[in-house]
Amino acid sequence: MHLDLAARYDPNQGSGGLSQGDLFRLEAVASVAAALALLVTARLVTWLFAWLIAASALGALLLYRYHDAGAIGPLPDMYEPLWFPEKALAGVAEAVALGAATLAIFLHLTVMSQGSS
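Now for a description of the structure that goes with this document. This is a predicted model, so every value here is computed, not measured.

To continue, consider the packing of helix α2 (residues 20-40) against helix α3 (residues 44-66). Between two packed helices, what matters for the description is the angle formed by their axes and the separation of those axes. Viewed as axis vectors pointing N to C, α2 and α3 meet at an angle of 150°, and their least axial separation amounts to 9 Å. Taken together, α2 and α3 sit at an angle that is classed as roughly antiparallel. The way α2 lies across α3 gives a crossing that is left-handed. Contacts between α2 and α3 involve Glu27, Ala30, Ser31, Ala33, Ala34, Ala37 and Leu38 from the former and Thr46, Trp47, Phe49, Ala50, Ile53, Ser56 and Ala57 from the latter. In terms of residue class, the contact of α2 with α3 is built from 10 nonpolar, three polar and one charged.

A few words now on the side chain of Glu94. Along the chain, Glu94 turns up in helix α4 (residues 85-115). For the buried residue Glu94, which engages in no salt bridge, the nearest side chain bearing the opposite charge is Lys87, 9.7 Å off. Leave out the neighbours within four places in its chain, and Glu94 touches His2, Ala54, Ala57, Leu58 and Leu61.

Throughout the structure, instances matching the rule amount to two aromatic pairs. Seen in terms of ring centroids, Tyr9 and Phe24 are 4.9 Å apart; in terms of plane orientation they differ by 40°. Their pairing is tilted. Taken as a pair, Tyr9 in the loop between α1 (2-6) and α2 and Phe24 in helix α2 lie far apart in primary sequence, 15 residues in all. Tyr9 sits in the buried class, given a relative accessible area of 7%. Here Phe24 falls in the buried class, since its relative accessible area comes to 15%. Stacked on the ring of Phe84, the Lys or Arg Arg8 has its end atom at 4.2 Å from the ring centre. One residue, Lys87, lies across the ring of Trp83, its end atom 5.6 Å from the ring centre.

A word on α3. Between its first and last C-alpha, α3 extends 32 Å over 23 residues, near the 33 Å set by a 1.5 Å rise per residue. Listing the buried residues of α3 in full gives Leu44, Thr46, Trp47, Ala50, Ile53, Ala54, Ala57, Leu58, Leu61, Tyr64 and Arg65.

Now for the environment of Leu61. Of note, Leu61 is situated in helix α3. Between the C-alpha atoms of Leu61 and Met78, which are 17 residues apart in sequence, the distance is 9.2 Å. Those residues within four positions of Leu61 in sequence are excluded, and the remaining contacts are Trp83, Lys87, Gly91 and Glu94.

On to α2, then. Along its 21 residues, α2 runs 30 Å from first to last C-alpha, staying within 8% of the 30 Å computed at 1.5 Å per residue. Burial in α2 covers these residues: Gln20, Gly21, Leu23, Phe24, Glu27, Ala28, Ala30 and Ala34. Elements in contact with the buried residues of α2: α1 and α3. Structurally, the start of α2 carries an N-cap: the backbone nitrogen of Gly21 is 3.3 Å from a side-chain oxygen of Ser19.

Conventions and cut-offs
- Residues numbered from 1 in each chain as written.
- Predicted model: local features only at pLDDT ≥ 70, side-chain atom pairs only at ≥ 80, totals over all residues.
- Heavy atoms only, no water.
- Axes fitted to C-alpha atoms, helices over the stretch in contact; angles between N-to-C directions.
- Helix = DSSP H or I, 4+ residues; strand = E, 2+ residues; numbered from the N terminus.
- Parallel < 35°, antiparallel > 145°, perpendicular 65-115°, else oblique.
- Left-handed = near helix turned anticlockwise from the far one by under 90°.
- Contact = heavy atoms within 4.5 Å.
- Nonpolar A, V, L, I, M, F, W, Y, C, P; charged D, E, K, R; others polar.
- Buried < 20%, exposed > 50% of the residue type's maximum accessible area, 1.4 Å probe, protein only.
- Lys, Arg positive; Asp, Glu negative; His and termini not counted.
- Salt bridge = Lys/Arg side-chain N within 4 Å of Asp/Glu carboxyl O.
- Phe/Tyr/Trp six-rings, centres within 6.5 Å; stacked < 30°, edge-to-face > 60°.
- Lys NZ or Arg CZ within 6 Å of the ring centre and 35° of its normal.
- Expected span 1.5 Å × (residues − 1).
- Polar contact = N/O pair within 3.5 Å; in protein donor to acceptor, adjacent residues only side chain to side chain.

Here's what the structure looks like:
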């Protein structure tokens, strides 16, 4: 979804030369890396990486939907107080990914604590 929407946000430039479209592309690359890493190994560190990616994506989506934080350092002002189908779908996917990663981390920690007793 981020790759699909990136070009739409390229005109929104930050002071550091990064556009919102660039940030969307970076998010997409990080998401794909996390998914591939989980396919290779479902270790705790991999789930933590996936959790971080999902939490940052969902957090940014909600922050900039409901609050005008303005430009932050080199990041552009990404305030967008509306929902549209692709954005809603991205939010649902990010929430599902965050929930799955949270559950996997909890299960890993539970199994690890049982193995040490």
